[in-house]
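Commentary on secondary and tertiary structure
The chain contents come next:
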Amino acid sequence: MEWELIANFNFLSTELKHVEIFNLLNQPFDDKGAFITITAVNNDLDSHDWVHMLLRMYSKWSENHYSKIRLVDETLGEFGGFEYAILEISGKYAYGYLKSEQGIHQLKRISPFSRNSTIQTSFAKVEVIPIVDESINFEIPEKDLEITRGKHSLMRGPSALVKVTHLPTAISITCTEGRSQSANLEKALAVIKSKLFSMQIQGVSLKDVKKPSSKNLVNNPIREYIFHPYPKVKDLRTNVETSNIEEVMKGNLDLFTKTYLKQTH
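Conventions we followed
Residues numbered from 1 in each chain as written. Predicted model: local features only at pLDDT ≥ 70, side-chain atom pairs only at ≥ 80, totals over all residues. Heavy atoms only, no water. pLDDT = per-residue confidence, 0-100. Helix = DSSP H or I, 4+ residues; strand = E, 2+ residues; numbered from the N terminus. Phe/Tyr/Trp six-rings, centres within 6.5 Å; stacked < 30°, edge-to-face > 60°. Buried < 20%, exposed > 50% of the residue type's maximum accessible area, 1.4 Å probe, protein only. Pairing = 2+ DSSP bridges. Core = buried A, V, L, I, M, F, W, Y, C linked by side-chain atoms within 4.5 Å. Contact = heavy atoms within 4.5 Å. Axes fitted to C-alpha atoms, helices over the stretch in contact; angles between N-to-C directions. Expected span 1.5 Å × (residues − 1). Arc of directions from axis to C-beta.

On to the confidence of the model for the protein chain, then. For the protein chain, the mean per-residue pLDDT works out to 87, and 87% of the residues sit at or above 70. At the level of individual helices and strands, the protein chain shows its lowest average pLDDT in helix 1 (residues 2-22), which scores 55, and its highest in strand 10 (residues 232-235), which scores 98.

Below you can see the structure in the form of structure tokens.
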């Protein structure tokens, strides 16, 4: 009987947290799905592994919130992990929940790849944008797009690879996850369109788009994850923190989401 009461209490507490967050999701496009792009700031094994860890964290978040998740694009690190990855999260209000994840995420830990047991600091950039669907009227001129298709190989057969480049900004997306070129073309165009639409609603001029320097990025992290010498995750915008880093890495982000939304509401 006691364990049932505890289980019911925990369930109701979780549901209450979700209701609190849901009531804050009233901004335009909060109800859309989301594309999440995770990019290693530095080209080293620890940074590539950090991208992989964040990829798993957001995958767990999606499972916790009953959202569909799909890996759209990826570049594998030379010795493991990812240099870059794009996730599509199709659940309703995924963008509203996850827009607070946008920014630089900083990791401090003893590197599992170093023989000297030194504390390594790694950085990853997370970009969160709403998915542009049929309800949003936004088109890209065909002349602004360059489409490259994978070629047929005698050894491997037909290639499903499609790469779409937006010429004015040099933004490019490569899709190989679908079974056909038509499916991958549709998905690559959806990501490009969503990225450009997100820039438009933020007031960013396409001619001003340029790659920020690594130095500028690492100077402004939004959250730090410390595994050693003590466990802590702290959001540097709201100052909310927790020592339960394992739960955070399992995708339990509501503490940070709720506090951020309250601060910006």
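The description of an aromatic ring pair rests on the distance of the ring centres and on the angle between the ring planes. Applying the stated criterion across every chain yields a total of five aromatic pairs. Ring centres of Trp50 and Tyr225 lie 4.9 Å apart, and the angle between their planes is 70°; this geometry places the pair in the edge-to-face category. Residue Trp50 is found in helix 2 (residues 45-64), and its partner Tyr225 is found in strand 9 (residues 221-226); the two are separated by 175 residues along the sequence. An aromatic cluster of at least three residues, connected via ring pairs, comprises Phe29, Phe138 and Phe197.

Take the pairing of strand 9 next. With six of six residues buried, strand 9 is to be regarded as a mostly interior element. Judged from the five bridges that link them, strand 4 (residues 103-110) and strand 9 form a sheet pairing that is parallel. Counted as the bridge partner of Ile104 is Pro221 from strand 9. With four bridges joining them, strand 9 and strand 10 adopt antiparallel strand pairing. Paired with Glu224 across the strands is Lys234, a residue of strand 10.

What follows covers the nonpolar core. Nonpolar side chains in soluble globular proteins generally cluster together in the buried interior. Among the nonpolar cores identified, the biggest contains 37 residues, and Ile36, Ile38, Leu54, Tyr58 and Tyr225 are the most heavily contacted of them. Listing elements by their share of this core, those giving two or more residues are strand 1 (34-40), helix 2, strand 3 (82-89), helix 3 (94-98), strand 5 (119-130), helix 6 (245-249) and helix 7 (254-264). For this core, the leading source of residues is helix 2, giving eight residues. Of all hydrophobic cores here, the second largest spans 23 residues; its members include Phe35, Ile86, Val164 and Ile173.

The step from His228 to Pro229 runs through a cis peptide bond, and the omega angle for that step is 10°. A positive phi is found at Ala170, a non-glycine position, where the angle reads about 65°. For Ala170, the position within the fold is in the loop between strand 7 (162-166) and strand 8 (171-175).

The next thing to look at is the sheet that holds strand 9. Here eight strands make up an open sheet; going across it, the order is 2-3-1-5-4-9-10-11 and the pairing mixed. In this open sheet, the two strands that pair with only one neighbour each are strand 2 (69-76) and strand 11 (241-242). Pairing between strand 10 and strand 11: two bridges, direction antiparallel. From the neighbouring strand, Lys234 faces strand 11, where its bridge partner is Glu241. Set on the sheet, helix 4 (residues 181-201) makes contact with strand 1, strand 2, strand 3 and strand 5; between it and strand 5 the angle comes to about 95°.

This paragraph deals with the sheet that holds strand 6 (residues 145-149). The three strands are arranged 6-7-8 in an open sheet whose pairing can be described as antiparallel. Each having just a single partner strand, strand 6 and strand 8 make up the two edges of the open sheet. For this sheet the average axis-to-axis angle between neighbouring strands, irrespective of direction, equals 15°. Where strand 6 lies against strand 7, five bridges are found, and the strand directions are antiparallel. Within strand 7, the position partnered with Ile147 by the bridge is Val164. Of the strands in this sheet, strand 6, strand 7 and strand 8 are in contact with helix 4, which crosses strand 8 at around 150°.

Between the first and last C-alpha of helix 2 there are 29 Å, a value that for 20 residues agrees with the 28 Å anticipated at 1.5 Å per step. Once helix 2 ends, the next one or two residues include Tyr66, with phi positive near 55°.

Attention shifts here to helix 7. Within the span of helix 7, buried status applies to Asp254, Phe256, Thr257, Tyr260 and Leu261. On an axial view of helix 7, the arc spanned by its buried residues comes to 160°, and they lie on one face.

With respect to the helices, strands and loops of the structure, Phe113 is situated in the loop between strand 4 and strand 5. Sequence separation between Phe113 and Asp49 is 64 residues; the distance between their C-alpha atoms is 9.9 Å. In this view, Phe113 contacts Leu45, Asp46 and Asp49; residues no more than four positions away in its chain are not counted.

Tracing the chain through its elements places Ser100 in the loop between helix 3 and strand 4. Aside from chain neighbours lying at most four places away, what touches Ser100 is Ile222, Arg223, Arg237, Thr257 and Tyr260.

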